[in-house]
Amino acid sequence: MKQLKLKKKLFFKIIIIIIFFIAIRFIFLTENPQYLPDLNTMTITQIKEYAQKNKLNLNIEYEYSNKIAENKIINQNIKNGTILKKDDNLNLVVSKGAISIEYYAENKINELGRIPVMMYHHIMDVENEYTGGNIDKEGYNRTSNAFKKDLEYYYEQGYEMISLIDYINGNINTSFGKSPIVLTFDDGNSNNIKVTGLDEKGNIIIDPKSAVGILEAFKKKYPKTKVTATFFLNKGLFNQKDYNDKILNWLIDNGYDIGNHTLNHVDFAKITSNKVQEEVGGLYQLLDQYIKDKYVKIVALPYGSPYKQNHSNFKYILNGTYKDIVYETLSTLRVGWEADYSPFNKEFDSTFIKRIRAYDNNGQEFDIEMALNNIKNTRYISDGDNKTIVIPSSLNSQINNKNNLDMIEY
Ligand SMILES: [Zn+2]
């Protein structure tokens, strides 16, 4: 009898233990949702342990930062306090601390150096006819294949695309040790962004052999590199009547810019000041119909004319009135053969910017290779931070710190 009682007691004990474990399991499974804690209160080791415990896929990239202390978070893809799910990707950019003066020197960082602004026209899906993918003898137009190779060449040479307007404004986000390059296209040729139709959602389908098609493929191939260009249009816009509206908006939405190349591709040196204002103001007003406040107030000068800013018509390109609407132009683009200055260099004149004809002539006559070779030792090399200007102290007298950025000299 006593033995039976003992057995019963043991039996209940076991039952209680089992219930206890089930309850624990139950509590564990219905645990309150996990909120991402403030990662900046944790060490990197603690963050790694936390990610493992909560089954998060943790990716950490390290970057130098003059603002964020070493081992603190610069950037995170999930905000603090967000409810976590198993297998969430937690991507962090963690500071390696400030860059040492020696490291700037070693990498020849020079934010007063030259920046190439490349000038393109037609990009045509045809076989080569002249040197290295030029379609015409002077190399104003390139084959699709040649343009594709140009992009790879810039990349190999350590260049990253930035937008023209960021260049002018001194907002340069190029990665550490890399150099900015600006791409421009004149005349609104349909092969700059050729639309072959619309998909079922009504989005434009872009010919992969047109300039933007090639740029988009490059963007996919190098997802960490910025891809952008500025297109300068005449009154025909991209000369695709049915799609112009969609094209303009697509370009703006996808990180490209639109600028002014006059209504009728006029030579500013050969017309009256009234006509200048009609040509410039008229094109701005045309763009207003499609992309108001979204285009850049920059004029690429047709034929690169006038060649001098003291031409009597030049001031009307910058400021004027057409049909009672006042316009102001920030910059004009010339036709040239060499890279222009850094926007932080006191020689930089944003109202009259030099461009390089993007063509191939076996490294001669100021083609792409020659133009980039010419600035091999003087090109802009970025510190990777658009809030600071880093220069060798020998260039100190050339600075124009118009944006009041932090200066670092070495
Ligand atoms: Zn033109």
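Since we're looking at a predicted model, the values are computed, not measured.

Novice: Could you clarify how one ought to interpret empty space enclosed by the protein in this entry?
Specialist: In this approach, a probe sized like a water molecule rolls over the atoms, and the result shows the empty space that is left. Inspection of the entire model under this criterion finds one cavity of 30 Å³ or more. Size it by volume and the largest cavity reaches roughly 40 Å³. The set of elements that each furnish at least two residues to the lining of the largest cavity consists of α4 (144–156) and β7 (159–161). By residue class, the composition of the lining of the largest cavity is seven nonpolar, one polar and one charged.

Novice: Hey, could you run me through helix α8 (residues 273–291) in this one?
Specialist: Side chains three or four residues apart in an α-helix point the same way, a direct result of the helix having 3.6 residues per turn. With 19 residues, α8 should cover 27 Å at 1.5 Å per step; its first-to-last C-alpha distance of 27 Å lies within 8% of that length. Those residues of α8 that fall on the buried side of the exposure criterion are Val-276, Gln-277, Glu-279, Val-280, Gly-281, Gly-282, Leu-283, Tyr-284, Gln-285, Leu-286, Leu-287 and Ile-291. Residue Asp-293 follows α8 closely and has a positive phi angle near 65°.

Novice: I keep staring at the coordination of the zinc ion and nothing clicks. Help me out?
Specialist: Perfect tetrahedral coordination of a metal by four donors corresponds to 109.5 degrees between them, and perfect octahedral coordination by six donors corresponds to 90 or 180 degrees. Ligation of the zinc ion by protein atoms is provided by Asp-187 (OD), His-261 (NE2) and His-265 (NE2), these donors lying 2.1 Å from the ion. Taken in sequence order, the residues that donate to the zinc ion follow the motif D-x73-H-x3-H. One end of the pair, Asp-187, is in the loop between β8 (179–186) and β9 (195–198); the other, His-261, is in the loop between β12 (257–260) and α8, and 74 residues separate them in sequence. A relative accessible area of 21% means that Asp-187 is categorised as partly exposed. Overall, His-261 belongs to the buried group, its relative accessible area being 1%.

Novice: Could you clarify how one ought to interpret the domain arrangement of the protein in this entry?
Specialist: One frequent convention defines the size of an interface as the accessible area lost when the parts assemble. Domain assignment breaks the protein into domain 1 (39–98) and domain 2 (104–409). Each of domain 1 and domain 2 has a C-alpha centre, and these two points are 37 Å apart.

Novice: Sorry, what's going on with the sheet that holds strand β3 (residues 89–95) here?
Specialist: Strand pairs in the sheet, formed through backbone hydrogen bonds, run parallel or antiparallel to each other. Strands sit in the order β1-β3-β2 across an open sheet of three strands; the sheet is mixed. Only two strands of the sheet have a single neighbouring strand rather than two, namely β1 (57–63) and β2 (73–76). Averaged over all adjacent pairs, the angle separating strand axes in this sheet is 20°, with direction ignored. Where β2 lies against β3, three bridges are found, and the strand directions are antiparallel. Opposite Asn-75, over in β3, you have Val-93 as the bridge partner. Helix-sheet contacts for helix α2 (residues 44–53) involve β1, β2 and β3, and the interaxial angle to β1 is about 155°.

Novice: Looking at this model, I keep getting lost on the packing of α4 against helix α6 (residues 211–221). Mind explaining?
Specialist: The description of two packed helices rests on the angle between their axes and on the distance between the axes. The geometry of α4 relative to α6 is characterised by a closest axis approach of 10 Å and an angle of 35° between their N-to-C directions. Here α4 and α6 pass one another in a crossing that is right-handed. Along its contact with α4, which presents Ser-144, Phe-147, Lys-148, Leu-151, Glu-152 and Tyr-155, the element α6 presents Ala-211, Ile-214, Leu-215, Phe-218 and Lys-221. Its residues assigned to classes, the contact of α4 with α6 shows seven nonpolar, one polar and three charged.

Novice: I tried to follow α4 on my own but got confused; where do I start?
Specialist: The end-to-end C-alpha distance of α4, which contains 13 residues, comes to 19 Å, matching closely the 18 Å that a straight helix rising 1.5 Å per residue would cover. Of all the residues in α4, the buried ones are Ser-144, Ala-146, Phe-147, Asp-150, Leu-151, Glu-152 and Tyr-154. Of the residues one or two after α4, Gly-158 is the one with positive phi, at around 85°.

Novice: What am I meant to see in the side chain of Ser-342 here?
Specialist: For Ser-342, the location among the structural elements is in the loop between β16 (331–333) and β17 (356–357). Every residue in contact with Ser-342, bar those within four places of it in the chain, is listed here: Glu-111, Leu-112, Gly-113, Ile-115, Phe-348 and Tyr-380.

Novice: When you look at a nonpolar patch on the surface in this model, what are you seeing that I'm missing?
Specialist: Taken together, the side chains of Phe-11, Phe-12, Ile-15, Ile-16 and Ile-19 present a nonpolar region at the surface, about 510 Å² in accessible area. Inspection of the secondary structure puts Ile-15 in helix α1 (residues 2–29). Relative accessible area serves as the criterion here: at 33%, Ile-15 is assigned to the partly exposed category.

Calculation notes
Residues numbered from 1 in each chain as written. Predicted model: local features only at pLDDT ≥ 70, side-chain atom pairs only at ≥ 80, totals over all residues. Heavy atoms only, no water. 1 Å grid on protein atoms, 1.4 Å probe; cavity = no way out; pocket = protein on both sides within 12 Å on 5 of 7 lines; lining within 4 Å. Points joined across faces, edges and corners; volume = space filled by probe spheres on them. Helix = DSSP H or I, 4+ residues; strand = E, 2+ residues; numbered from the N terminus. Nonpolar A, V, L, I, M, F, W, Y, C, P; charged D, E, K, R; others polar. Expected span 1.5 Å × (residues − 1). Buried < 20%, exposed > 50% of the residue type's maximum accessible area, 1.4 Å probe, protein only. Donors = N, O, S within 2.8 Å, 3.2 Å for Na, K, Ca; no water. Domains from an automatic or database assignment. Pairing = 2+ DSSP bridges. Axes fitted to C-alpha atoms, helices over the stretch in contact; angles between N-to-C directions. Contact = heavy atoms within 4.5 Å. Left-handed = near helix turned anticlockwise from the far one by under 90°. Patch = residues over 30% accessible without salt bridge, like charges linked within 9 Å, V, L, I, M, F, W, Y side chains within 5 Å. Areas by Shrake-Rupley, 256 points an atom, 1.4 Å probe, with all protein chains shown as cover. Salt bridge = Lys/Arg side-chain N within 4 Å of Asp/Glu carboxyl O.

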